[in-house]
Amino acid sequence: MTNTESENPGKNLVTAIQKYWKVLYTRTEKRKSDIDTLETMLRIVPGSPKNTYASIAHKTLSYGLYSTIYQPSQAWYRLRPESGQDTPDIRRATQEIQNVFNRLLAHNHYYGQALECIKDATGAYGYACMYVAADGGKLRFLRIRPSEVVYDKDTYGEVDTVIRRFPISAWQMEVLFPKTPKEIREIAKRSPFAPIIVYHAVYRQDTGDVFSRPKQAYASVYALETPAVILRQSGYNTNPLIIWEWSTRGDGTPTSPSWDALPDIIHLDSISDTVLKAGQLAVEPPLNVPAELMGRIKWRPRALLPYYTNGRTTQPANSGSNYPVGKDREDAKIRIIREHFHIDFFLLMASLEGKGQLTATQVLEMQGEKAGILGSLTANMNKEFIDTMFDRLFDLAIENDWLPQEIKSIKDAVKIDYEGLLAQAQRRYFTVQSAMQAIGTIAPLFQIAPDVIDYIDTDEVTKDSLREGGLPEKDINSDKKVAQIRQKRAQAQEKAQQLEQYKNYADAESKMSKARERGGNVTG
């Protein structure tokens, strides 16, 4: 071992992290030119595309997806007991956990950071990264730029390694990392805002604990690029750097609606450039100018143009351009890009304009079909981004005592149902509509054999339809309350029947009394 290695035992680990970064970054390098093109077209970085429709479509998808999944002012998710765990104590604990989560999400900038992650995943990179941690006991949600992050997966397709390479100012180094080397402290004195490159590697640990610390699932290493020094070592029970891929290609690289639309976006930009030139040729055509008039022509409104009686005058040249044809091709490309970004789902009513009057049922069916298609694409978002965020949030709430001690042990007994507009549309289409169709199929049999309805648990069908249709849980009566209501109704009906019987008995008694008085037939 050299003297340098003995003075800095973490150098080998830092070097390994740097090499791993370079290996993983080659995946991004191979498509860097396309990423730069997309970021320009989507107006993420300054540029001058000839057509900005792709930018508008990307924003519509991002904001539309955000508003149909998240509803910060309302309940967009619901925690409920797992099947077989539904007890009064579990229900109360579940509601308390949800109240804590609602406060944590609302007061720690989660929603704004989630929107930025949606833009990343649907945009030029096809993936997003969010940092979720409790720094100093305060929960922090931070969207990480995809260009700063590389990651790797295990054989099961789960992200097990994330390395972030990012700049940080020299003065912040001293504040955040007590182990900041002397040379960096000197830089901070001379130039406090000088950028210093730092690596943050989070990776799943093997059986052995490389830090000789209590075993945790993930190791965390902050290290300098130059000099190769470890700044901080720690660990996490769950990965604080959450990676979400919109979708993946056959080679494993992430993709997105923007990537899928890239050929059409480039083609549209080219067509728009051509159409702009054709439009300019139409209003500012080239001129055939007599040689003796060169330099004397002022082609502008109200200009005085010299001419000769022999017909030698300035005339517009025939450019041969056909402006309307180019415009039709431009409109056709815009329609294709709309499909890539699923614009018709988010602007369904606008897209139906001029297509005749549709019933509410038809509109719901159309929305359900589109939600079904979009749902297959957002499955990764639910699994990799939102579900993982809740797992991380639960662990942080336990570690930082944000939850009462008595309910920390019920994590595995809790299930998450999403209640956003997209989730409701999907459930209406796949669950409620399917159930209603099944009942509608056998409805004619009710007239012939009424007993067939005994095969249907109408209570369960009703509860499922109400829940899947979006009715809040607080507005659905519990089984116990329904039983009480039915008992009261049965008692009221029984009392009414008794009153009716008493009335009939009284009427009969009255008739019998009158008959006896007349001495006639009692039955008469």
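Details of the structure are given in the entry above.
Here the structure is a predicted model, which is why all the values come from computation and not from measurement. (Residues numbered from 1 in each chain as written. Predicted model: local features only at pLDDT ≥ 70, side-chain atom pairs only at ≥ 80, totals over all residues. Heavy atoms only, no water.)

**Overview of the overall build of the protein chain**
So the rule is basically this: Comment: elements are numbered from the N terminus, with helices defined as DSSP H or I runs of at least four residues and strands as E runs of at least two. Between buried and exposed lies partly exposed: a residue is buried under 20% and exposed over 50% of the maximum accessible area for its type, with that area taken using a 1.4 Å probe on protein chains only. A contact between two residues is defined here by any heavy atoms of the two lying within 4.5 Å. Here the Shrake-Rupley method, with its probe set to 1.4 Å, supplies the accessible areas, and only the displayed protein chains count as covering residues.
The secondary structure content of the protein chain amounts to 17 helices and 14 strands. Each of the 524 residues in the protein chain was classed as buried or not, and the buried ones make up 38%. In the protein chain, once contacts between residues fewer than 6 apart in sequence are set aside, the share between residues at least 24 apart is 66%. About 30,700 Å² of surface is accessible on the protein chain, with carbon and sulfur atoms providing 52% of the total.

**What about the nonpolar core?**
Filter applied, for reference: Think of a nonpolar core as a cluster: buried Ala, Val, Leu, Ile, Met, Phe, Trp, Tyr and Cys residues, connected wherever their side-chain atoms sit within 4.5 Å.
Residues Tyr 70, Phe 101, Leu 105, Tyr 110, Phe 385 and Phe 390 are the most contacted members of the largest nonpolar core, which totals 94 residues. Looking at which element gives the most residues to this core, the answer is helix H13 (residues 360-399), with 10 residues. Residues contacting Tyr 110, with those up to four places away along its chain left out, are Tyr 70, Leu 105, Met 130, Phe 141, Phe 385 and Met 389. Membership of the second largest hydrophobic core comes to 14 residues, among which are Ile 17, Leu 24, Ile 163 and Tyr 203.

**Re the packing of aromatic side chains**
Put simply, the rule reads: Centres within 6.5 Å make a pair out of two Phe, Tyr or Trp rings, where for Trp the six-membered ring is used; the pair is then stacked when the planes are under 30 degrees apart, edge-to-face when over 60, and tilted otherwise. Lysine and arginine charges are scored as sitting over a ring when NZ or CZ, respectively, is within 6 Å of the ring centre and within 35 degrees of the ring normal.
In this structure the tally under the stated criterion is 20 aromatic pairs. Ring geometry for Tyr 110 and Tyr 111: centres 5.5 Å apart, planes at 70 degrees, overall edge-to-face. The exposure class assigned to Tyr 110 is buried, which follows from its relative accessible area of 0%. When its relative accessible area of 12% is taken as the criterion, Tyr 111 is described as buried. Considering the side-chain rings of Tyr 125 and Tyr 127, the 6.0 Å spacing of their centres and the 80 degrees angle between planes classify their relative orientation as edge-to-face. By the burial criterion, Tyr 125 is buried, and Tyr 127 matches it. By the ring-pair criterion, three or more aromatic residues cluster together here, those being Tyr 66, Tyr 70, Trp 76, Tyr 77, Phe 101, Tyr 110, Tyr 111, Phe 141, Phe 390, Phe 394 and Tyr 418. Note that Arg 164 overlies the ring of Phe 166, its terminal NZ or CZ placed 3.9 Å from the centroid.

**Some thoughts on the sheet that holds strand S5 (residues 159-169)**
Paired through their backbone hydrogen bonds, the strands of a sheet run either parallel or antiparallel. To keep it simple, the criterion reads: We treat two strands as partners when DSSP finds at least two bridges between them. Only the contacting stretch of a helix is used when fitting its axis, a line to C-alpha atoms as for every element, and angles between N-to-C directions run 0 to 180 degrees.
Strand order in the open sheet made by the 5 strands is S4-S5-S6-S7-S8, with antiparallel pairing throughout. One side of each edge strand has no neighbouring strand; the edge strands of this open sheet are strand S4 (149-153) and strand S8 (230-236). Averaged over all pairs of adjacent strands, the angle between strand axes in this sheet comes to 15 degrees, irrespective of strand direction. Of the pairings in the sheet, the one linking strand S7 (residues 218-224) to S8 comprises 6 bridges and is antiparallel in character. Each bridged residue has a counterpart across the sheet, and for Val 221 the counterpart in S8 is Gln 233. Helix-sheet contacts for helix H2 (residues 11-29) involve S4, S5, strand S6 (195-204), S7 and S8, and the interaxial angle to S4 is about 90 degrees.

**Description of the environment of Asp 417**
For clarity, the threshold we go by: N or O atoms closer than or at 3.5 Å make up a polar contact, with two conditions inside protein: a donor-capable atom paired with an acceptor-capable one, and, for residues adjacent in sequence, both atoms drawn from side chains.
Considering the arrangement of structural elements, one finds Asp 417 in strand S14 (residues 414-418). Separated by 341 residues in the primary sequence, Asp 417 and Trp 76 have C-alpha atoms spaced 8.7 Å apart. Excluding residues that lie within four positions of it along the chain, Asp 417 makes contacts with Tyr 77, Arg 78 and Arg 80. A distance of 2.2 Å separates polar atoms of two side chains, one belonging to Asp 417 and the other to Arg 80.

**Comments concerning the state of the cysteines**
The test is simple: A pair of sulfur atoms, both from cysteines and within 2.5 Å, is called a disulfide here.
In this structure the tally under the stated criterion is 0 disulfides. With no disulfide of its own, Cys 117 lies closest to Cys 129 among cysteine sulfurs, the gap being 7.4 Å.

**With respect to helix H4 (residues 53-69)**
Selection criterion: Here the expected span of a helix is defined as 1.5 Å times the quantity of residues minus one.
The end-to-end C-alpha distance of H4 is 24 Å, a good match for the 24 Å that 17 residues give at a rise of 1.5 Å each. Across the 17 residues of H4, 12 count as buried, placing the element largely inside the fold. Buried within H4 we find Tyr 53, Ala 54, Ser 55, Ala 57, His 58, Leu 61, Ser 62, Gly 64, Leu 65, Tyr 66, Thr 68 and Ile 69.

**Here we look at the environment of Lys 153**
Take Lys 153: it is sitting in strand S4. Here Lys 153 is in contact with Glu 158, Val 159, Asp 160, Glu 245 and Thr 248, once residues within four sequence places are set aside. Side chain to side chain, Lys 153 and Glu 245 meet in a polar contact 2.5 Å long.

**Structural notes on the pairing of S5**
Across the 11 residues of S5, 9 count as buried, placing the element largely inside the fold. In the sheet, S4 pairs with S5 via 5 bridges, with the strands oriented antiparallel. Bridge pairing in S5 places Lys 153 opposite Val 159. What sits between the antiparallel neighbours S4 and S5 is a turn of 5 residues, in which Gly 157 has the positive phi angle 85 degrees.

**Topic: a nonpolar patch on the surface**
Which entries qualify depends on this criterion: The patches described consist of residues with a relative accessible area above 30% and no salt bridge, like charges being joined within 9 Å and nonpolar side chains (Val, Leu, Ile, Met, Phe, Trp, Tyr) within 5 Å. The term salt bridge refers to a side-chain nitrogen of Lys or Arg lying within 4 Å of a carboxyl oxygen of Asp or Glu.
Together, Trp 171, Val 175, Leu 176 and Phe 193 make up an exposed nonpolar region whose accessible area comes to about 460 Å². Position of Leu 176 among the secondary structure elements: in helix H7 (residues 170-176).

**Quick look at the sheet that holds strand S9 (residues 241-245)**
Spatial ordering of the open sheet is given by S3-S2-S9, a layout of 3 strands whose pairing is antiparallel. The open sheet terminates on both sides in strands that have one partner only, identified here as strand S3 (138-144) and S9. Taken pair by pair, the neighbouring strands of this sheet meet at an average axis angle of 20 degrees, ignoring direction. Contacts between helix H6 (residues 110-122) and the sheet are confined to strand S2 (127-135), S3 and S9, with S2 contributing the most and set at about 155 degrees to the helix.

**Re the pattern of salt bridges**
All told, the structure shown has 18 salt bridges when counted by the stated rule. In this structure, Arg 78 engages Glu 419 in a salt bridge whose closest nitrogen and oxygen atoms are separated by 3.2 Å. Of this pair, Arg 78 sits in strand S1 (residues 77-81) while Glu 419 sits in the loop between S14 and helix H14 (421-442); the two residues are 341 residues apart in sequence, bridging distant segments of the chain. For the pair shown, Arg 78 and Glu 419 are each scored as buried.

**Digging into unusual backbone geometry**
Between Thr 226 and the following residue, Pro 227, the backbone shows a cis peptide bond with an omega angle of -5 degrees. With respect to the element layout, Pro 227 can be found in the loop between S7 and S8. At His 342, a residue that is not glycine, the phi angle is positive and equals roughly 55 degrees. On the secondary structure map, His 342 appears in the loop between helix H10 (323-340) and helix H11 (343-346).

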